[in-house]
Amino acid sequence: MAFHLEEFTKNKSKFDFQISILTFNIFSTSSFERFYNYFVVIYNLICFPLILLHLITAFDGEINENIMTTNLYMFGMLLYFLKISLGSYRRKEILELFKKICELFNIKETDEDLQKILLERLKNSLKLWRVCTKWGLRMVFLSTSIFGLSTRYNEQIGLIVDIPRTNITSPLLIESLRSVQVAHIILMGHYFISVELAILFLGIPIATEIDILEDYIRIANEKIKTTPNFFKKIIKMHCNVLGDINLLNETFSEMTFIQFFSSIVSFLIAFLFLRKDTENIENYFLCLCALMQLLPLCLLGEFIRYKTDKLSDTLYLTNWYELSLKDQKVFLIILGMAQREYGLKAAGMYDVNLNTFIQVCHEFKFLFSV
């Protein structure tokens, strides 16, 4: 078994888990996946009305740390319900992308040069996903633990839940509810990073497909002479790659828009924390986390845009003039397709790339200067 396929098989349980979270698959074959999805949704369904009740009873017209934390909790839960709804709605497209990725990792090339390109590119994509998973989980666990513990020991925040017909005065009950708050922050942090990693898992191999196609095109001049059907292979791969990019864009169009919106709202709430207490380092860390959740998607969108732009140049550098007249006509059509602009778009309107990320950072910098 090839190394990349062995690694893919070894990590498939992690892929399945992330996809089940992304699609809210409560009918998953894994008992742990079903338990996780059931537990998180029931937990939020119970907590949401209790936190909403606290907001209604505690808000007296003054915005303090307790009210801001309550709003942050509520926004996180609303975002959770919105994401599981979008994931369920797009489940068919997500599973289709997952199927295409499984097929990509199972491709076996008879040509030694092509197999070497395939092996190297797929191995690098798995390595990138492992790095993102390893450090993403660690950073989110660290940041949610720091913020959760800061809310636990900050007396100005206190409790953010109210239990109907109950006077919460027992020290044991207060301590239990505060521990639940900390656990809730860590749990939701794990959920959101799992969704982001699932999107990256589906996006990275699609970007890898572009690299594989580009490498195939670079050696096309030699292979066309020795392999008569190699040009047809490139055409088929090119159409598949563009189709997968469009499918990826369609699948996560709404979710990327929600991601931009949630990042802005989260940052504004974090900014209120910062305006209240500029000496608290956790508030700066919270602002950074709100901003950084945009970065992975923007990097993915930038990579896809950059690589698809290069495809037309790489195609043009081939000895297309040595092709038959029929193949030259097909080549012109493929070249025209490659010259279109491809990439991720939020709600089909806003480009998701590094330029957008820099613009958002610039707006946030303006807020800090006010």
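Because the structure is a prediction, the values reported are computed rather than measured. (Residues numbered from 1 in each chain as written. Predicted model: local features only at pLDDT ≥ 70, side-chain atom pairs only at ≥ 80, totals over all residues. Heavy atoms only, no water.)

Undergrad: Tell me what's going on with the overall build of the chain, and back it up with residues and numbers.
TA: Counting secondary structure elements, the chain contains 14 helices and two strands. If you line up the chain on its principal axes, its C-alpha atoms span 85 × 50 × 30 Å. Scored against the burial criterion, the 370 residues of the chain give a buried share of 49%. Summarising the internal contacts of the chain: among those between residues at least 6 apart in sequence, 79% fall at separations of at least 24. For the chain, the computed accessible surface area is about 19100 Å², with 63% contributed by carbon and sulfur atoms. (Helix = DSSP H or I, 4+ residues; strand = E, 2+ residues; numbered from the N terminus. Buried < 20%, exposed > 50% of the residue type's maximum accessible area, 1.4 Å probe, protein only. Contact = heavy atoms within 4.5 Å. Areas by Shrake-Rupley, 256 points an atom, 1.4 Å probe, with all protein chains shown as cover.)

Undergrad: Please provide a residue-by-residue account of the environment of Glu250, values included.
TA: With respect to the helices and strands, the residue Glu250 is situated in helix α9 (residues 230–251). Note: C-alpha distance between Glu250 and Leu344 (94 residues apart in sequence) is 8.7 Å. When sequence neighbours within four positions are dropped, the list of residues in contact with Glu250 reads Arg90 and Glu93.

Undergrad: Explain the nonpolar core to me, and be specific about the residues and the numbers.
TA: Formed by 99 residues in total, the largest nonpolar core has its most connected members in Leu22, Tyr80, Tyr191, Phe201, Leu202 and Phe252. No other element matches the 20 residues that helix α7 (residues 171–218) contributes to this core. Those residues in contact with Leu22 that lie beyond four places of it in its chain are Lys83, Gly87, Ile94, Val195, Ala198, Ile199, Leu202, Phe252 and Met255. (Core = buried A, V, L, I, M, F, W, Y, C linked by side-chain atoms within 4.5 Å.)

Undergrad: I'd like a rundown of the packing of aromatic side chains, residues and numbers included.
TA: Counting across every chain of the model gives 16 aromatic pairs. Arranged with centres 5.7 Å apart and planes meeting at 65°, the rings of Phe98 and Phe201 form a pair that is edge-to-face. You can see Phe98 sitting in helix α5 (residues 91–105) and its partner Phe201 sitting in helix α7, a full 103 residues away along the chain. As far as burial versus exposure is concerned, Phe98 and Phe201 are alike and both buried. Across the ring face of Trp135, the terminal group of Arg138 is positioned such that the distance to the ring centre comes to 5.1 Å. (Phe/Tyr/Trp six-rings, centres within 6.5 Å; stacked < 30°, edge-to-face > 60°. Lys NZ or Arg CZ within 6 Å of the ring centre and 35° of its normal.)

Undergrad: Tell me about unusual backbone geometry, residues and numbers included.
TA: Even without being a glycine, Phe24 presents a positive backbone phi close to 50°. Tracing the backbone through its elements, the reader meets Phe24 in the loop between α2 (12–22) and α3 (31–58). Using a relative accessible area of 15% as the deciding quantity, one classes Phe24 as buried.

Undergrad: Would you mind going over the pattern of salt bridges in detail, with residue names and values included?
TA: Per the stated rule, a full pass over the model turns up 20 salt bridges. A salt bridge links Glu214 to Lys310, with the nearest nitrogen and oxygen atoms 3.5 Å apart. Of this pair, Glu214 sits in helix α7 while Lys310 sits in helix α12 (residues 295–316), and the two are 96 residues apart along the sequence. What makes Glu214 buried here is its relative accessible area of 1%. Lys310 gets classed as partly exposed once you look at its relative accessible area, which sits at 24%. A salt bridge links Asp309 to Arg305; the nearest nitrogen and oxygen atoms lie 3.0 Å apart. On the criterion of helical spacing, the pair formed by Asp309 and Arg305 is a turn pair, its members being four residues apart in helix α12. Look at Asp309 and you get partly exposed, because its relative accessible area is 32%. Connected via shared salt-bridge partners are Arg121, Asp211, Glu214, Asp215, Arg218, Lys307 and Lys310. (Salt bridge = Lys/Arg side-chain N within 4 Å of Asp/Glu carboxyl O.)

Undergrad: Just give me the short version of the state of the cysteines, but keep the residues and values in it.
TA: Enumeration over the complete set of coordinates arrives at zero disulfides. Cys102 carries a free sulfur, and the closest cysteine sulfur to it, the one in Cys132, is 19 Å from it. What makes Cys102 buried here is its relative accessible area of 17%. (Disulfide = S-S within 2.5 Å.)

Undergrad: Break down the environment of Ala347 for me, with residues and values.
TA: Looking at where Ala347 falls in the secondary structure, it is placed in the loop between β1 (344–346) and β2 (350–352). Given a relative accessible area of 34%, Ala347 falls into the partly exposed group. Separated by 172 residues in sequence, Ala347 and Glu175 have C-alpha atoms that sit 43 Å apart. Every residue in contact with Ala347, bar those within four places of it in the chain, is listed here: Ser253, Thr256 and Phe257.

Undergrad: How would you summarise the packing of α5 against α9 if you had to cite specific residues and measurements?
TA: Interaxial distance between α5 and α9 falls to 10 Å at its minimum, and their mutual angle equals 145°. Between α5 and α9 lies a crossing whose hand is left-handed. From α5, Glu93, Ile94, Glu96, Leu97 and Lys100 reach across to α9, where they touch Asp244, Leu247, Leu248, Glu250 and Thr251. For the contact of α5 with α9, the class distribution of residues is four nonpolar, one polar and five charged. (Axes fitted to C-alpha atoms, helices over the stretch in contact; angles between N-to-C directions. Left-handed = near helix turned anticlockwise from the far one by under 90°. Nonpolar A, V, L, I, M, F, W, Y, C, P; charged D, E, K, R; others polar.)

Undergrad: Report on the confidence of the model for the chain, specifying residues and quantitative values.
TA: Here the chain averages 82 in pLDDT, while 92% of its residues score no lower than 70. No element of the chain has a lower mean pLDDT than helix α11 (residues 281–292), which averages 68, and none a higher one than α5, which averages 91. (pLDDT = per-residue confidence, 0-100.)

Undergrad: I'd like a description of the packing of α9 against helix α13 (residues 325–338), backed by residues and values.
TA: Their axes nearest at 11 Å, the elements α9 and α13 cross at an angle of 25°. Accordingly, the angle class assigned to the pair α9 and α13 is roughly parallel. Helix-helix and strand crossings are classified by hand; for α9 and α13 the assignment is left-handed. Here α9 contributes Phe231, Ile235, His238, Cys239 and Leu242 to the contact with α13, which in turn contributes Asp327, Val330, Phe331, Ile334, Met337 and Ala338. When its residues are assigned to classes, the contact of α9 with α13 shows nine nonpolar, one polar and one charged. (Parallel < 35°, antiparallel > 145°, perpendicular 65-115°, else oblique.)

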